[in-house]
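Notes for the structure review
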Amino acid sequence: MVRVFCGWTRRTFGAVLLTLSAAVALSAPAAADQAREAVGLFVQSCLKYVEDSGDLRAWIDSTPQLRKFPPQQAQAFLEGKRGDVWSAANDSGLFALVLFNDDTCTVMAQQASADQVSLVFSEYVRRKNLPLDKVGDRREFVRSIDQREEVYRSNDGRILYEVVLVTSKSPHALVQALLSTRPNR
């Protein structure tokens, strides 16, 4: 997943969401606000409903701020997999919510401080005392773009799952934060 992240974002995320940026009045939000927005969307969607994709879909249907991408545009995010994609663009920036048919749920932020995303998420886990253990944290350069991948695993609950945060500080990465929940199979 990490190796695909940077190359894939250059071709797809920016191209698909570029048209949305004209429709969204974007001010210059602070990096911390973008990180809080990305983590907030992730927490209230992917993380909250990690054990029930039916409830997640019901939440998505009841959230008018989310706009579903047409199938042709959604394919750019799905990379040949099956699923659905919603735009969550707002005054803080450009965000997307991706729900794959294998119950992997991902939030992408075009811009968000890598350090702030990590900090905001780890503070949320600590504050809410979530049953997540950090099991991985690595940094690498992929196609000359820095990336950090943090992996958490659940240690309790009806369904065991992983949380993966992939962030980049590079201004050349069109997606600077990708947060996912996926079944731990």
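Report follows, based on the coordinates. (Residues numbered from 1 in each chain as written. Predicted model: local features only at pLDDT ≥ 70, side-chain atom pairs only at ≥ 80, totals over all residues. Heavy atoms only, no water.)

Observations concerning the packing of aromatic side chains
Note the threshold: The aromatic pairing rule takes the rings of Phe, Tyr and Trp, using the six-membered ring of Trp, and pairs them if the centres are within 6.5 Å, calling planes under 30 degrees apart stacked, those over 60 edge-to-face and the rest tilted. Classification of residues uses two cut-offs on accessible area relative to the type maximum, computed with a 1.4 Å probe and protein chains only: under 20% is buried, over 50% is exposed, and between them is partly exposed. Secondary structure elements are taken from DSSP: a helix is a run of H or I of four residues or more, a strand is a run of E of two residues or more, and numbering for both begins at the N terminus.
In the structure shown here, the tally under the stated rule is 4 aromatic pairs. Taking 5.2 Å as the distance between ring centres and 25 degrees as the angle between the ring planes, the aromatic pair formed by Phe 69 and Phe 77 counts as stacked. The burial state of Phe 69 is the same as that of Phe 77; both residues are buried. A ring pair is formed by Phe 121 and Tyr 152, whose centres lie 5.2 Å apart and whose planes are at 70 degrees; its orientation type is edge-to-face. Taken together, the residues span a long stretch of sequence, with Phe 121 in helix 5 (residues 114-128) and Tyr 152 in strand 6 (residues 145-154) at a distance of 31 residues. We classify Phe 121 as buried; its relative accessible area is 0%.

What about the environment of Ala 114?
Worth spelling out the cut-off: Two residues form a contact once any of their heavy atoms are found within 4.5 Å.
Along the polypeptide, Ala 114 turns up in helix 5. Between the alpha carbons of Ala 114 and Ser 170 there is a distance of 9.2 Å; along the sequence they are 56 residues apart. Look past the residues within four positions of Ala 114 in its chain and what remains in contact with it is Thr 167, Ser 168 and Lys 169.

Digging into unusual backbone geometry
Not every positive phi belongs to a glycine, and Asp 103 is a case in point at roughly 75 degrees. Inspection of the secondary structure puts Asp 103 in the loop between strand 3 (95-100) and strand 4 (105-109).

Some points on the sheet that holds strand 7 (residues 161-167)
For the record, the criterion: A pair of strands is considered paired only if DSSP assigns at least 2 bridges between the two. Between N-to-C directions, angles cover 0 to 180 degrees, with each direction set by a line fitted to C-alpha atoms, over the stretch in contact for helices.
Across the sheet, which stays open at both edges, the 8 strands sit in the order 1-2-3-4-8-7-6-5 with antiparallel pairing between neighbours. In this open sheet, the two edge strands, each paired with only one partner strand, are strand 1 (67-68) and strand 5 (132-142). Lying on the sheet, helix 5 is in contact with strand 5, strand 6, strand 7 and strand 8 (177-183); it crosses strand 7 at an angle near 155 degrees.

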